[in-house]
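So the chains spell out like this:
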Amino acid sequence: MMAQQQQQQQQYSSPSSHQTNQPPQKQFDTGHGDQIHDCQYDYYGRRVATCSSDRTIKVFDTGTTTTTTTSGDGGGGGENVANHPPPQEAIVERANATTLTGHEGPVWQVSWAHPKFGALLASCSFDHTVMIWKETSSNVFSRVYVTPKGFFDGSVNAISWAPHEFGCAVAACSSDGSVAVISSNSNVAGGGWRSEKISNEAHAVGCTGVSWGQNDEIASCGCDNLCKIWTRGGAQEGGGGGESSNHNQHHHHNQQQQQQQQWRLKKELRGHSDWVRDVQWAPNNGGSNVQQIASCSQDGKVFIWTESNNNSSTTTANKDYHSVLLNDFKTAVWRLSWSVVGNVLAVSDANNQVSVWKESVDGAWTQIQSK
């Protein structure tokens with residue numbers, strides 16, 4: 001199911017998604033023995049990673065599938081053929097898969113690192129761990145890191161890699177209420193890794209989602225009905241564009257500084273009336289300085305939080321966020337996914353529906369209707 005949803009999101013992110021010559025959606029048998037919780041394409045869209053309650057991760061090469069067809073019941077006799085058109089053949093594709101094992105509980109999410117660091121895949125699980133996997137040879141993955149026993153005291157529910165310009169690091173959040181960063185000590189994938197907590201009490205009762213923004217800040221959400229933004233203490237204040245430009249000019253120097261800086265709470269975003277299930281930082285629109293965050297909740301609402309452009313607030317620390325209600329779905333909303341451009345948002349709700357929304361020039365959000 002998640003594979004189908006991911007393909008639907010990709011179709012809507014393309015301007016030509018409604019053309020009649022658009023290739024049809026494809027289905028393939030993952031071979032998982034239980035419910036699939038996540039499906040993620042790599043940077044180039046050449047491989048898909050899935051994870052399941054069967055405690056495994058599977059990596060598929062999208063270009064290597066074998067097709068089998070199954071026809072309808074052929075024993076209906078001449079009367080059946082005369083009265084009904086011949087049934088269409090069902091096409092099922094079996095993709096060549098690499099299976100990764102090691103987790104001792106359901107695997108909730110997987111996420112690919114930027115290819116700058118090689119083929120790195122992160123996974124998080126009900127077994128209280130985050131694992132980092134590295135492709136050591138073609139389609140062969142080895143586990144290069146697992147968080148220490150006892151580091152998390154609950155299910156690890158979500159992970160998010162940092163934008164590549166901020167180093168090889170992944171944020172994670174847990175039902176124990178903590179948010180953490182797992183990072184490599186060098187730019188070489190598979191080098192020394194370390195885990196550090198941003199906060200042991202980021203969200204009361206538990207943390208459900210995390211997202212690392214392109215401004216080097218982390219958004220988290222949880223069972224306290226809140227979204228929170230975390231920033232590095234001692235970071236230079238100023239316009240968002242200036243910080244990014246300065247970072248690119250002094251890339252390696254800033255990476256060393258970042259490792260020594262402590263994370264601190266920057267903002268609390270209040271608006272939901274029930275558990276916040278997911279939070280996702282939007283990619284920058286063509287290098288725009290405006291920061292946007294989407295959040296969804298058990299209360300059925302999806303909010304878009306936009307950083308204030310109030311000229312009286314000259315520092316990023318003093319900037320506030322205002323919210324716009326994208327829609328009230330009247331049922332729990334579970335997951336969000338932005339397009340690469342950042343102005344299209346896919347929403348998955350408890351009615352097993354995926355809807356796609358686009359922001360217009362006047363800032364209003366409208367649903368894209370499929371044809």
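What you see is a predicted model, and the numbers here were worked out from it, not measured in a lab.

Trainee: What am I meant to see in the overall build of the chain here?
Mentor: Along the chain, the regular secondary structure elements total 4 helices and 25 strands. Residue burial in the chain is summarised as follows: out of 371 residues, 47% are buried. By sequence separation, contacts in the chain at least 24 residues apart represent 54% of the contacts at least 6 residues apart. By element, 45% of the accessible surface of the chain is carried by carbon and sulfur atoms, the whole surface being about 18,000 Å².

Trainee: Is there a simple way to explain the sheet that holds strand β8 (residues 130-137) in this structure?
Mentor: Two orientations exist for strands paired in a sheet by backbone hydrogen bonds: parallel and antiparallel. In space, the 4 strands of this open sheet follow the order β6-β7-β8-β9, with antiparallel pairing throughout. The sheet is open, and its two borders are formed by β6 (107-112) and β9 (140-146), each paired with just one other strand. On average, adjacent strands in this sheet sit at an angle of 30° to one another, irrespective of strand direction. Relative to strand β7 (residues 120-125), β6 runs antiparallel, the two sharing 5 bridges. When the bridges of β7 are listed, W112 appears paired with L121.

Trainee: For this particular structure, what's the right way to read the environment of Y43?
Mentor: Residue placement: Y43 occurs in the loop between β2 (36-41) and β3 (47-52). Relative accessible area serves as the criterion here: at 54%, Y43 is assigned to the exposed category. Sequence-wise, Y43 and W112 are 69 residues apart; in three dimensions their C-alpha atoms are separated by 7.4 Å. Setting aside residues up to four positions removed in sequence, Y43 forms contacts with H114 and P115.

Trainee: What is the right way to read the pattern of salt bridges from this model?
Mentor: Think of it this way: side chains of opposite charge can pair up when their charged atoms draw near. Scanning the entire structure with this criterion turns up 9 salt bridges. Via salt bridges that share partners, D38, D278 and R335 belong to a single interconnected network.

Trainee: Could you clarify how one ought to interpret the state of the cysteines in this entry?
Mentor: The bond known as a disulfide is covalent and runs between the sulfur atoms of two cysteines. Across all of its chains, the model carries 0 disulfides by this definition. Looking at C39, it has no disulfide partner, and the nearest cysteine sulfur is the one in C51, 9.0 Å off. Relative accessible area serves as the criterion here: at 1%, C39 is assigned to the buried category.

Trainee: In this structure, what is going on with the pairing of strand β22 (residues 333-338)? I would like to understand it.
Mentor: In regular strands, side chains alternate between the two faces of the sheet. With 5 bridges connecting them, β22 and strand β23 (residues 344-349) associate as antiparallel partners. By the bridge assignment, W338 is partnered in β23 with L345. Between β22 and β23, which pair antiparallel and follow one another directly, the connecting turn spans 5 residues, one of which, G342, has a positive phi of 105°.

Trainee: What is the right way to look at the side chain of T98 in this model?
Mentor: Here T98 is to be found in strand β5 (residues 90-101). By relative accessible area, which is 16% here, T98 ends up buried. Of note is the side chain of T98, whose polar atom sits 3.1 Å from the backbone oxygen of N139. Sequence-distant contacts of T98, that is, excluding residues within four places in its chain, are made with I57, K58, V59, N139 and F141.

Trainee: Would you explain unusual backbone geometry in this entry?
Mentor: For residues besides glycine, phi is generally negative; the peptide bonds are generally trans as well. Not every positive phi belongs to a glycine, and N225 is a case in point at roughly 70°. In this structure, N225 sits in the loop between β15 (218-222) and β16 (226-232). What makes N225 partly exposed here is its relative accessible area of 23%. A positive phi is found at K330, a non-glycine position, where the angle reads about 60°.

Trainee: I keep staring at the sheet that holds strand β14 (residues 207-212) and nothing clicks. Help me out?
Mentor: Spatially, β14-β15-β16-β17 is the arrangement adopted by the 4 strands of the open sheet, whose pairing is antiparallel. Of all strands in the sheet, those with a lone pairing partner are β14 and β17 (263-270), marking the two edges. Averaged over all adjacent pairs, the angle separating strand axes in this sheet is 25°, with direction ignored. Summarising the sheet, β16 and β17 pair through 7 bridges and their orientation is antiparallel. By the bridge assignment for β17, L226 is matched with R270.

Trainee: What should I look at first to understand the packing of aromatic side chains in this one?
Mentor: The description of two aromatic rings rests on the distance between their centres and on the angle between their planes. Within the structure shown, the criterion is met by 9 aromatic pairs. Pairing F303 with W305 gives two aromatic rings, centres 5.8 Å apart and planes at 50°, and the pair type is tilted. Since its relative accessible area comes to 3%, W305 is described here as buried. Pairing F329 with W357 gives two aromatic rings, centres 5.8 Å apart and planes at 80°, and the pair type is edge-to-face. Pair noted here: F329 is in the loop between β21 (321-328) and β22 and W357 is in strand β24 (residues 354-359), with a separation of 28 residues, a long-range link. On the accessibility criterion, W357 (7% relative accessible area) is buried. Directly above the aromatic system of Y44 lies the positively charged group of R46, at a separation of 5.0 Å from the ring centroid. The ring of F151 carries K197 above its face, with NZ or CZ at 4.8 Å from the centroid.

Trainee: Explain the confidence of the model for the chain to me, please; I cannot follow it from the model alone.
Mentor: The predicted coordinates ought not to be read in detail in places where the model reports low pLDDT. This prediction gives the chain a mean pLDDT of 80; 71% of its residues lie at or above 70. In the model, residues 235-257 has pLDDT below 50 throughout and makes 29 contacts with residues more than four positions away in sequence or in other chains. Note that residues 311-316 has pLDDT below 50 and, in this model, 10 contacts with residues that lie over four places away or in other chains.

Cut-offs applied
- Residues numbered from 1 in each chain as written.
- Predicted model: local features only at pLDDT ≥ 70, side-chain atom pairs only at ≥ 80, totals over all residues.
- Heavy atoms only, no water.
- Helix = DSSP H or I, 4+ residues; strand = E, 2+ residues; numbered from the N terminus.
- Buried < 20%, exposed > 50% of the residue type's maximum accessible area, 1.4 Å probe, protein only.
- Contact = heavy atoms within 4.5 Å.
- Areas by Shrake-Rupley, 256 points an atom, 1.4 Å probe, with all protein chains shown as cover.
- Pairing = 2+ DSSP bridges.
- Axes fitted to C-alpha atoms, helices over the stretch in contact; angles between N-to-C directions.
- Salt bridge = Lys/Arg side-chain N within 4 Å of Asp/Glu carboxyl O.
- Disulfide = S-S within 2.5 Å.
- Polar contact = N/O pair within 3.5 Å; in protein donor to acceptor, adjacent residues only side chain to side chain.
- Phe/Tyr/Trp six-rings, centres within 6.5 Å; stacked < 30°, edge-to-face > 60°.
- Lys NZ or Arg CZ within 6 Å of the ring centre and 35° of its normal.
- pLDDT = per-residue confidence, 0-100.

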